[in-house]
Amino acid sequence: MSVNRPAAVIVLAAGEGTRMKSKLPKVLHELNGRSMLGHVLAAARELDPQHAVVVVGHAREQVRSHLREIAPQAATAVQEEQNGTGHAVRMAIEDLAAKGVKLSGTVVLTCGDTPLLRGSTLAELVAAHDEEGNAVTALSARVPDPHGYGRIVRDADGDFTGIVEHADATPEQHAIDEINSGMYAFDGALLSEVVQRLSTDNAKGEEYVTDAVALLRGDGHRVGAWAAGDWHEVQGVNNRVQLSEARRVLNDRLLHEHMLAGVTVVDPATTWVDAQVTIGRDTVLEPGTRLLGATCVGEDAVVGPRADLRDTVVGAGATVRETTADRAEIGPGASVGPYTYLRPGTRLAERSKAGAFVEVKNSNVGAESKIPHLTYVGDADIGVGSNIGCSSVFVNYDGVNKSRSVIGDHVRIGSDNTIVAPVHVGDGAYSGAGTVVRDDVPPGALAVSEGHRQRNVEGWTRRKRPGTPSAEAAEQADRHRADDKQ
């Protein structure tokens, strides 16, 4: 939908949110990879407004710090004391005016605690507002339980006539199921004028933006209300129960979109995805899977059961089951799991393997190389087609410094090896079971431990494993060494 670019979006985020029972400001509580405020700003960005202003108050520096991370282009206006929604809007307008911004066009007012709000809904609100030529258009919704909400009052012809608060409503008005969301599209010039006239003559002594609607109608301007198609979008989150309910709704929405795009989700009830996750077609998500942050999964992959991936790239056709991964890269056709931990900086190349009870950190594993089981690999570079034997450990930390180990192509590391960094194992080399590799191993050599000393048997691979990829790699490395000496 193409709509006129709004002059501004104002987000109200100054409240403390005492019912959250939290040290964290309410609007910073997260669901599906974003704060509540982050979700609202993501929806607002779809309108491409000329200005975005977040009204802050409680814990303002904490909110501002968060905004610098997620929306550095958004300005902030301070509401020193929480004197009502109308007062908050006035603070935003006065802040823009102080910067020389004179609002001309549509101003959209949203709430920072409505994380289910869609950008498309805001676009439809703006389109209806512009089409009807309203001074203000309230965003409403028909809800199953309107108790506690202000009601949208319409006349016999269905035209919007005003908003009545729940406490002031008659029994007939209590039966109305169309509620006011507290979000609006305003004519910017009229809003700038009317907020200066808001009264505090009410029980709380606060300025209410709902009074602006009545004032504009009293001035003879056209006012309207537009109902959102999904009432969940206008629901504010005020406590942890409502936060969990919103998280469930949002997760179901995200999974629904992925499934319509060609992803198989075996059990949506136990599968969780964040808003920024991307998944390719014909990928299967098995039960108990969480894809978090900016995780990107290619086509034809199988993830799960019980995979927990954060900010991780999964290549096409890879299989990742019962795995925890954080900022890792899993190449196309790779196999990971079960019970595998990929820590930051792990890069598994195509068709590689990190198997059962394997932990990898800050390491590069080459194409078709395998770490089958019960092994820790830290700060290492492993070449192509190599195999790391069961129960091996890369000793990368001496208590002061972390060092790297390099394992060449087509290397066979025996079971129960200890690779003490820094060390280089040449192409085509082997190591015997239980070896402690403290010194470099030449290409094609067999490293074995004799007591506390290491012995390298030169030429072992060519003699004992002729015709294998390891022997060919060792011969090629020997030729390179010979050429280097000439």
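What comes next concerns the included structure. (Residues numbered from 1 in each chain as written. Predicted model: local features only at pLDDT ≥ 70, side-chain atom pairs only at ≥ 80, totals over all residues. Heavy atoms only, no water.)

**Details of the overall build of the chain**
Stated precisely, the cut-off is as follows: Helix and strand assignments come from DSSP, with helices taken as H or I runs of at least 4 residues and strands as E runs of at least 2, each series counted from the N terminus. Our radius of gyration looks at C-alpha atoms and nothing else; its globule reference is 2.2 Å times the residue count to the power 0.38. Any two residues having at least one pair of non-hydrogen atoms within 4.5 Å are treated as being in contact. We count Lys and Arg on the positive side and Asp and Glu on the negative side, and we leave His and both chain ends out. All charge positions are set by atom: Lys at NZ, Arg at CZ, Asp at CG, Glu at CD.
For the chain, the helix and strand inventory stands at 10 helices and 40 strands. The C-alpha radius of gyration of the chain comes to 31 Å, more than 25% above the 23 Å expected for a compact globule of 486 residues. Pairs at least 24 residues apart make up 41% of the contacts formed inside the chain by residues separated by at least 6 positions. Charge separation in the chain, taken as the distance between the mean sites of 50 positive and 65 negative side-chain charges, equals 8 Å.

**Examining the packing of aromatic side chains**
Heads up, the condition is: Two rings from Phe, Tyr or Trp (for Trp, the six-membered ring) form a pair when their centres sit within 6.5 Å of each other. Planes less than 30 degrees apart are called stacked, planes more than 60 degrees apart edge-to-face, and all others tilted. Any residue under 20% of the maximum accessible area for its type is buried, any over 50% is exposed, and the rest in between are partly exposed; the area is computed with a 1.4 Å probe on protein chains only. For a Lys NZ or an Arg CZ to count as sitting over a ring, it must be within 6 Å of the ring centre and within 35 degrees of the ring normal.
Counted by the stated rule, this structure contains 3 aromatic pairs. Taking 5.5 Å as the distance between ring centres and 45° as the angle between the ring planes, the aromatic pair formed by Tyr184 and Phe186 counts as tilted. With respect to class, Tyr184 is no different from Phe186; both count as buried. The aromatic ring of Tyr397 is capped on one face by Lys402, whose charged end is 5.7 Å from the ring centroid.

**Some remarks on the environment of Asn180**
One can find Asn180 in strand β10 (residues 178-187). Owing to a relative accessible area of 10%, Asn180 belongs among the buried residues under this scheme. Separated by 34 residues in the primary sequence, Asn180 and Pro146 have C-alpha atoms spaced 9.6 Å apart.

**Things to note about helix α2 (residues 60-70)**
Let me state the cut-off plainly: Each C-beta atom gives one direction from the helix axis, and the arc is the one those directions make.
Restricting attention to buried positions, one finds in α2 the residues Val63, His66 and Leu67. Down the axis of α2, the smallest arc covering the buried residues is 105°, so these residues share one side. Seen from the buried face of α2, the exposed residues on the opposite side, beyond 90 degrees, are Arg68 and Glu69. Those residues of α2 that are buried lie in contact with β3 (34-35), α1 (36-45), β4 (51-56) and β5 (75-78).

**Considerations on unusual backbone geometry**
In terms of backbone geometry, most residues other than glycine have negative phi values and most peptide bonds are trans. Here the bond from Gly337 into Pro338 is cis, since omega is 0°, no more than 30 degrees from zero. On the secondary structure map, Pro338 appears in the loop between β24 (335-336) and β25 (340-342). Phi at Glu322 takes a positive value of approximately 45°, unusual for a residue other than glycine. You can see Glu322 is positioned in the loop between β21 (319-320) and β22 (323-326). Positive phi, normally seen in glycine, also occurs at Leu374, with a value near 55°. Among the secondary structure elements, Leu374 is positioned in strand β29 (residues 370-378).

**Comments concerning the environment of Gly57**
Within the secondary structure, Gly57 sits in the loop between β4 and α2. Given the relative accessible area of 8%, Gly57 is considered buried. Between the alpha carbons of Gly57 and Gln79 there is a distance of 5.1 Å; along the sequence they are 22 residues apart. Each residue touching Gly57, except ones within four places of it in the same chain, is listed here: Ala13, Ala14, Gln79 and Gln82.

Everything listed here is a matter of geometry and, on its own, says nothing about what the molecule does.
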